[in-house]
Amino acid sequence: MQVCVSVCVGEENWVDSRTIYIGHKEPPPGTEAFIQQRFPDNRIYTFWNFVPKNMFEQFRRVANFYFLIIFLVQLIIDTPTSPITSGLPLFFVITVTSIKQGYEDWLRHKADNSVNHCPVHVVQHGKVVRKQSRKLRVGDVVFMKENETFPCDLILLSTSRDDGTCFVTTASLDGESSHKTHYAVQDTKAYNTEEEVDSIQATIECEQPQPDLYKFVGRINIYMDNEPVARPLGAENLLLRGATLKNTEYIYAVAIYTGMETKMALNYQSKTQKRSAVEKSMNAYLVVYLCILISKALINTLLKYVWQADSNRDEPWYNNRTDTEKQRHIVIRAFTDFLAFMVLFNYIIPVSMYVTVEMQKFLGSYFIMWDDDMFDEELGERAVVNTSDLNEELGQVEYVFTDKTGTLTENNMEFIECCVDGHIYVADAICNGQVMPGATSMDMIDSSPGPGAREHEELFFRALCLCHTVQVKEEETVDGIKHGIHQGKSTSFYISSSPDEVALVEGMKRLGFTYLRLRDGHMEILNREDEIERFELLEVLTFDSVRRRMSVIVRSSTGELYLFCKGADSSIFPRVISGKVDEVRARVEHNAVEGLRTLCVAYRPLSPEQYTEVCHMLNGAKLALHDRDKRLAEAYDAIEKDLILLGATAVEDRLQEKAADTIESLHKAGMKVWVLTGDKMETAAATCYASKLFHRNTQILELTTKRTEEQSLHDVLFDLSRTVLRQHGGMARDSFSGLSGDCTDFGLIIDGATLSAVMRPAQEDSNSGNYKDIFLEICRNCSAVLCCRMAPLQKAQIVKLIKASEEHPITLAIGDGANDVSMILEAHVGIGIMGKEGRQAVRNSDYAIPKFKHLKKMLLVHGHYYYIRISELVQYFFYKNVCFIFPQFLYQFFCGFSQQPLFDTAYLTLYNISFTSLPILLYSLIEQHINVDILKKDPSLYRDIAKNSLLRWPIFIYWTLLGVYDAIVMFFGAYFLFDNTTFTSNGQMFGNWTFGTLVFTVLVFTLALDTHYWTWINHFVIWGSLVFFVVFSLLWGGIIWPFLNYQRMYYVFMQMLSSGPAWLSIILLITASLLPDVLKKVICRALWPTTTECIQQMYAGFGYVPTLFDSADKLYEGHLSEFTPLASLHAPSKAGGHRRGSCNQGNPRRSEPFRKKTMFTRWQKQPDYNTFTPLLRFADGHSKHAYNGGAGPETSV
């Protein structure tokens, strides 16, 4: 027995188990002694660690740390600018970020505080006493009532129910609303009063806290007559903090994990930080600008000493150096000057960009959560944003990895048929307790079996009624009246964590065998003769994704022992020794091709001796504290063998609404969609055809175990490689080249076993080479890939393989179950679906959506907008800082490199904080360069922003050069206007501060924002920022501020505005600054317009309406597909024709009936972006044109 003690020599070992005294009572004397560990209290929050942790995280950012160093340099040495100019922006950034993170932390603290102070009832000295939750300790015996939430992790000792069970909901943990059954320890379930519970003498040995909600290993030692009796403890005995007691009057349980050691608290831990492509670009640009800054400082330092080489310039009469300065070594002086120039030019690094980007992401994420189109009325759920750091990554996705069951399909199972020894039985359609319309009596197809087969048939039905973990729930009791009594019979419904099990039990009910309940360890079923049969439930061998089967061991009322087993065909057939295998296998394969989910059912009669051996094997594995899962798997493997096949079942999982439409849109947007599923190949392939992942003209390539058995893996891979490369002329298709009509589409199907062989590292002595590269080459040339029979870890391996490929594409994984968590965490963007397999995927995802169809708007609209907005934000920040600091660099050539600042301290401090940040922040929140409806209707627009196209180096260089140009125009424009000119009426010359203020005024007013979506908020913020600058400048220069030791800005701004030439120069310089960018945009739009710009022009009414009406007339005559994307309608070429996009009329299209609106719209006098008037006028007098453009019913995009 492992105990938690320290080694005698004083060296303490890490203990991987803990021992707990129930009720803090030590075991009887003479028994093995335990040294009690110290456990944390039940508080789950400490406020004081927030500040140091937050500061550490903040200064891990390069820009923040850099500005901290600059601030310290300004404090230590004599620099040209005040430390406030660096300190205040840094303080602002740190404060805003801390407030945001602190607010989120405070919300958690507030919630935790209410939990910490909530009352709980504890058994002490035979009485129930009340205490605060935070005072709960490990070992306390807790008394809980119905509908109360558990304050910590507990082991169930006894309940109000005779069978020692209680029902629990874990909605707050994993979202599952179904009632889960938990079991009290067998030896303590009879203790039902405070006195009896207080008399228990026992210790619990269990593992140290770990975050897995679904795993627990421990054992309880109960001391009876000073002799310990050991019993195993598992997840079925553990009640988790945050779960709620249901349908049970009261329970007694002992606390084993408290405070931050509870499984719920351990799941607070943040996942691995994901960084977006935009953030990586930002960091690269920062490095470039840091190099520019260092270059500027070095050039100025060098030129300063060249300038001062002339003794007349070195010590002019107005700047005599002190003796101390003269005696300092030249290296020290040069280094000090270098630091001073670094401080002077440090504003080229945009410190406030980080906080602006963070605010943009944080505030922008609310648009997803507020989107009514992504609200699901059936679930009553909206989209959820778990992390706002990846918003723009939604606009860069190249590969989509999706689960099948519950993601593409509804996970809403409907029993279709069962096959027993080759005889087929079809029950009326039942779906989750609801009999479908038109259902009548039981319907049995095929001839009735003979008397000998009758016994097998009933054994099959009994097996499905017994081999499950379904709970029976009576109708709710309201106001003391029990509802659900219908025509004298009590109606009830089934609850299970697996929809498959509910469908099977309901199917058996329709076929004459009804599962009634589990009572006193006996399962009761009602047979066809309305007789109740009782089977004692001896063991449950639970389902797991590795075995892919589950079993029960039961004893009939006549004393016969049976093991009933159900599972996937691949896990049952190899274990079968008799039965009509060929007939059942043929039916299973037929149903799989139809897209149905199949399970095989088998049994094994057990003799008493075999059962005794089974019990010994299982108990030995269950009592193990170490490697319990491994030992249980070995025990299950030894027990589930020598089976006799009974038959198979078929259950249908319907496709989700608009799943096919969504996948088709993702394809048109240039994304590759992979389906990763644990289902068999035939079932998954049928779903892929239904969801339009594969089309009828798709050439399917198979890389499966069946094929590798006939050929070696090496040969199969090279055959497939030759096939795809022959078609594409040896050139790998680019991810965004689209699916052109003259090119064969390939679809690849691979299974888990073959994938393992492909992923296996090459042996040194093998000439097979590494297959990964060939596999990737094949995949890149396939429009869609289906991976079936995948284990959860293999899903993550596939995602990791694609992420690490040569192109480093952006990946997105979407799933709804615990088996999808690994790939969700591995992908760049992880999306969880609020399905019926719990909320594990949702909790571990970056974003969560109610249904798969919402992925379309999330990527094509929100992702598109987020990327456009933030890329403009980042480029603009670098641009405006170049404009800001380059005049300072030029000014040094005119002030003897004396580190004289061009701008006043207040302007230096507030430029990034107040004068220029708000307009670009607002632009990055509400800009809509194209209407939402257009983005949804024309997915090909997504390709315009692919591959981080707006943050590539040429565009970055263009923005930087534009900033340099604007800075030169502003500086030298003001300089030449000042030259030999008297600006005021009294003949006074303007001084250097007026010069700097004029340059700064031009700079602030040059708002080169390319806004397409104007609202009153834009106007308010942009003009408001300019008004604020003017008002601030008037106040700053109009008052003698007593706290300043200088008044250099006094009356400067007013004097400048009183001059007519100053006003003229401001207007001229703003015009000259903006002119090149405006010219470039006009020329590019006219000669080389992008798809996006064409659509903007069409909607702005720039002469494109006739072209569109011509297209509409062709549509009436059937010359143009109804679903030709708007993106394909470019400006007319010289020949008068139209350029076509990826959807040409050669590609066959199927369409829904004409109730759908078409893409073509008739514009009124003012463009109305929200009203689409269909041009297909089949109901009015212009309906003479026939429609010939379709080819059958297919969902439009």
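Residues numbered from 1 in each chain as written. Predicted model: local features only at pLDDT ≥ 70, side-chain atom pairs only at ≥ 80, totals over all residues. Heavy atoms only, no water.

Our next topic: the overall build of the protein. In terms of regular secondary structure, the protein is built from 37 helices and 40 strands. Taking all 1197 residues of the protein together, 53% fall into the buried category. Long-range pairs, those at least 24 residues apart, make up 73% of the contacts in the protein between residues at least 6 apart in sequence. Of the roughly 53,600 Å² of accessible surface on the protein, a fraction of 56% belongs to carbon and sulfur atoms. (Helix = DSSP H or I, 4+ residues; strand = E, 2+ residues; numbered from the N terminus. Buried < 20%, exposed > 50% of the residue type's maximum accessible area, 1.4 Å probe, protein only. Contact = heavy atoms within 4.5 Å. Areas by Shrake-Rupley, 256 points an atom, 1.4 Å probe, with all protein chains shown as cover.)

With respect to the secondary-structure elements, Thr248 resides in the loop between β12 (244-246) and β13 (250-257). With residues near it in sequence (within four places) discarded, Thr248 still touches Glu146, Thr159, Ser160, Arg161, Thr165, Cys166 and Phe167.

On the basis of which strands lie adjacent, the open sheet formed by four strands has the order β1-β8-β9-β10 and antiparallel pairing. At either margin of the open sheet sits one strand with a lone partner, and together these are β1 (17-21) and β10 (227-233). Across the sheet, the axes of successive neighbouring strands diverge by a mean angle of 20°, strand direction being ignored. Where strand β9 (residues 218-224) and β10 come together, seven bridges link them in antiparallel fashion. Of the residues in β10, the one forming a bridge with Ile220 is Arg231. (Pairing = 2+ DSSP bridges. Axes fitted to C-alpha atoms, helices over the stretch in contact; angles between N-to-C directions.)

To continue, consider unusual backbone geometry. If a residue is not glycine, its phi is most likely negative; likewise, a peptide bond is most likely trans. Of note in the backbone geometry, Lys658 takes a positive phi value of approximately 60° without being a glycine. One non-glycine residue, Lys947, lies in the positive phi region at around 60°.

Residues Val874, Phe884 and Phe1000 are the most contacted members of the largest nonpolar core, which totals 86 residues. Considering each element in turn, this core owes the most residues, 17 residues, to helix α27 (residues 854-891). If you look at the next biggest cluster of nonpolar residues, it comprises 39 residues, including Leu408, Ala669, Ala685 and Tyr942. (Core = buried A, V, L, I, M, F, W, Y, C linked by side-chain atoms within 4.5 Å.)

With that settled, consider the sheet that holds strand β11 (residues 238-239). Here we have six strands laid out as an open sheet, ordered β3-β2-β4-β13-β5-β11, and antiparallel in their pairing. The open sheet is flanked by β3 (127-132) and β11, the only strands paired with a single partner. As paired elements, strand β5 (residues 153-159) and β13 share six bridges and run antiparallel to each other. Paired with Asp153 across the strands is Tyr257, a residue of β13.

Our next topic: the pattern of salt bridges. Side-chain pairs of opposite charge can arise whenever the charged atoms involved come near each other. All chains considered together, the criterion is met by 40 salt bridges. When the shortest N-O distance is used, the salt bridge between Glu657 and Lys853 registers 3.0 Å. Placement of Glu657 in the loop between β33 (643-655) and α18 (659-668) and of Lys853 in the loop between β40 (847-849) and α27 is noted, with a sequence separation of 196 residues between them. Since its relative accessible area comes to 22%, Lys853 is described here as partly exposed. (Salt bridge = Lys/Arg side-chain N within 4 Å of Asp/Glu carboxyl O.)

Moving on, we get to the UniProt feature "binding site: Mg(2+)" (unreviewed entry) in the protein. Mapped onto this numbering, the UniProt entry gives "binding site: Mg(2+)" (unreviewed entry) at Asp403, Thr405, Asp816 and Asp820. A maximum C-alpha distance of 10.7 Å among these annotated residues, which run over 418 residues, shows that they cluster at one spot. On the secondary structure map, Asp403 appears in the loop between β15 (399-402) and β16 (409-420). Residue class for Asp403 comes out buried when judged on its relative accessible area of 3%. For Asp403, the residues in contact, after removing those within four places along its chain, are Leu408, Leu676, Thr677, Lys795, Ile814, Gly815, Asp816, Asp820 and Met823. By the secondary structure assignment, Thr405 is in the loop between β15 and β16. (UniProt positions renumbered as here; feature names shortened; annotations may be inferred.)

Moving on: helix α28 (residues 905-915). The buried fraction of α28 is high, at ten of eleven residues. Within the span of α28, buried status applies to Thr905, Ala906, Tyr907, Leu908, Thr909, Leu910, Tyr911, Asn912, Ile913 and Phe915.

Residue position: Val120 is located in strand β2 (residues 119-124). Measuring from C-alpha to C-alpha, the distance between Val120 and Arg134 comes to 9.5 Å, with 14 residues separating the pair along the chain.

Take the pairing of strand β6 (residues 165-170) next. Extensive coverage of β6 is indicated by the burial of six of its six residues. Here β6 shows a buried face lined by Thr165, Phe167 and Thr169 and a second buried face lined by Cys166, Val168 and Thr170. Where β6 and β12 come together, three bridges link them in antiparallel fashion. Its bridge partner lying in β12, Phe167 is registered against Lys246.

Another point: the packing of helix α11 (residues 351-370) against α27. At a minimum axis distance of 11 Å, the contact between α11 and α27 shows a crossing angle of 165°. On the basis of the axis angle, α11 is roughly antiparallel to α27. The two elements α11 and α27 meet at a crossing, and its hand is right-handed. Residues Ser352, Met353, Thr356, Val357, Gln360, Lys361, Gly364, Ser365, Phe367 and Ile368 of α11 lie in contact with α27, whose contacting residues are Met858, His862, Tyr866, Arg869, Ile870, Leu873, Val874, Phe877 and Phe878. Split by residue class, the contact of α11 with α27 holds eleven nonpolar, six polar and two charged. (Parallel < 35°, antiparallel > 145°, perpendicular 65-115°, else oblique. Left-handed = near helix turned anticlockwise from the far one by under 90°. Nonpolar A, V, L, I, M, F, W, Y, C, P; charged D, E, K, R; others polar.)

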